[in-house]
Amino acid sequence: MAETSQERRTHRTPFTRVVALAGGVGGARLAQGLAQCLADKALTVVVNTADDFEWLGLTICPDLDTVLYTLAGVENRKQGWGRAHDTVHALAALGQLGGPTWFRIGDRDLATHLRRSELLWKGHPLTEVTRVLAEALGVGPRVLPMSDDELRTRVVTAEGELDFQDYFVKRACEPRVVGFRFEGAETAQASQGVLEALAEAELVVVCPSNPYVSLDPILGLPGVGERVRNRPALAVSPIIGGAAVKGPAAKMMRELGREPSAREIARHYAGTVRGLVIDTADTGDTLEIEALGLRVRAAPSLMRGPRGRAALAQVVLDFGRELAGG
Ligand code: FO1
């Protein structure tokens, strides 16, 4: 088999069991970068499902769809979610019938929600449904929902508790965040596939998604945090120069009384991972992050297109090799 780019760079046996934990857009993009650097069978992407919700009776899984579409190369590049070149005829017709149009489902995207909901209604677990969709979309790496149980993020705001998509889309993240509640957390279990993948991982990558609403739901599942702590693991900061690349992470941090900085991300993940990749704009935080017991690697973290994704993924794999003592 031709040398992978990683082999060329480090002339070591390439990783064969990498597990990426991902939420929405940032996580999906780094996962796609890792997929460019690793053999398909070497990468498992564990995806947050706490953003999922029921819409017109259909089960919508935004983070799973963003990861599937991005790995398949069919995502809407500008938005980061939904499908490329999609149309909204069904949505317009729905509006004429008095239906909700605040959650903008495209026509091609709608097929995913219909097919997923049909399989769920027939009793297939979300892990199996995701495998069917991934195969149909030609996605090589394994994509696993974090759990087959229902777990939903509720955003506690100054105006009261909001469902995640109401906060994120309908209210455009405007209400002031006071905290989060994960409904179903008392009983939700990580799927067997997730626990096994983590137990065998040579490297766990906590992707640059929102730490509170995308990664904490995954890390909070029974058995997940401890498995990540027992493995070589690193995180990639979603905060660059005091701002989030996409989404409300920096605004949430400020409203929670925390500074939106790489060192705050380090505080969040200290004790769970061994290293943190930060952007070159944030090297001023290095000493404080190392004081938390984390190793630091600075690299351009804003992923511009497929080459930017692969470049950051290569940094992650090289750093991971060091953390693994390789
Ligand atoms: N995000 C928006 O800001 N506006 C939308 O209308 C919207 C529609 C949508 C449809 C399908 C889908 O899978 C995702 C969609 N998203 C939309 C993004 C979604 O709310 C977020 O990607 C995640 O929930 C946060 O990671």
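Placed above this text is the structure.
Attention here is on the structure that accompanies the text.

Let's shift gears to the sheet that holds strand β8 (residues 177-183). On the basis of which strands lie adjacent, the open sheet formed by 3 strands has the order β7-β6-β8 and antiparallel pairing. The outermost strands of the open sheet, each flanked by one partner alone, are β7 (160-163) and β8. Pairs of neighbouring strands in the sheet enclose a mean axial angle of 30°, with direction left out of account. Relative to β7, strand β6 (residues 152-157) is paired through 4 bridges, and the arrangement is antiparallel.

The next subject is the site of the ligand. Lining the immediate surroundings of the ligand are 14 residues, of which Asp51, Asp63, Phe103, Arg104 and Gln165 lie closest. Residue Asp51 places a side-chain N or O atom 3.1 Å away from an oxygen atom belonging to the ligand. The backbone of Arg104 places a nitrogen or oxygen atom 3.0 Å from an oxygen atom of the ligand. Relative to its unbound accessible area of 530 Å², the ligand is 89% covered by the protein chains. Mapped by element, the contributors of at least two residues to the shell around the ligand are α3 (62-72) and α7 (164-170). Considering every element that reaches the shell around the ligand, the biggest residue donor is α7, with 4 residues. Residues that form the shell around the ligand fall into these classes: 8 nonpolar, 2 polar and 4 charged.

When a protein is soluble and globular, its nonpolar side chains tend to lie buried together. Membership of the largest hydrophobic core comes to 47 residues, with the highest contact counts inside it found for Leu21, Leu198, Val224, Val228, Tyr269, Leu276 and Ile289. Residue contributions to this core peak at 5 residues, all from helix α9 (residues 211-219). Leu276 has contacts with Ala235, Val236, Ser237, Ala262, Ile265, Ala266, Ile289, Leu294, Arg295, Val296, Arg297 and Phe319, leaving out every residue within four places of it along the chain. Of all hydrophobic cores here, the second largest spans 40 residues; its members include Val67, Val205, Leu234 and Leu323.

Strand direction decides the pairing type here: strand β13 (residues 275-278) and strand β14 (residues 295-298), joined by 4 bridges, are parallel. Following the sheet pairing, Leu276 is matched in β14 by Val296. Each parallel crossover has a hand, and for β13 linked through helix α13 (residues 286-291) to β14 it is right-handed.

So, how was this worked out
Residues numbered from 1 in each chain as written. Predicted model: local features only at pLDDT ≥ 70, side-chain atom pairs only at ≥ 80, totals over all residues. Heavy atoms only, no water. Pairing = 2+ DSSP bridges. Helix = DSSP H or I, 4+ residues; strand = E, 2+ residues; numbered from the N terminus. Axes fitted to C-alpha atoms, helices over the stretch in contact; angles between N-to-C directions. Near = heavy atom within 4 Å. Polar contact = N/O pair within 3.5 Å; in protein donor to acceptor, adjacent residues only side chain to side chain. Areas by Shrake-Rupley, 256 points an atom, 1.4 Å probe, with all protein chains shown as cover. Nonpolar A, V, L, I, M, F, W, Y, C, P; charged D, E, K, R; others polar. Core = buried A, V, L, I, M, F, W, Y, C linked by side-chain atoms within 4.5 Å. Buried < 20%, exposed > 50% of the residue type's maximum accessible area, 1.4 Å probe, protein only. Contact = heavy atoms within 4.5 Å. Right-handed = clockwise from strand over helix to strand, strands pointing away.

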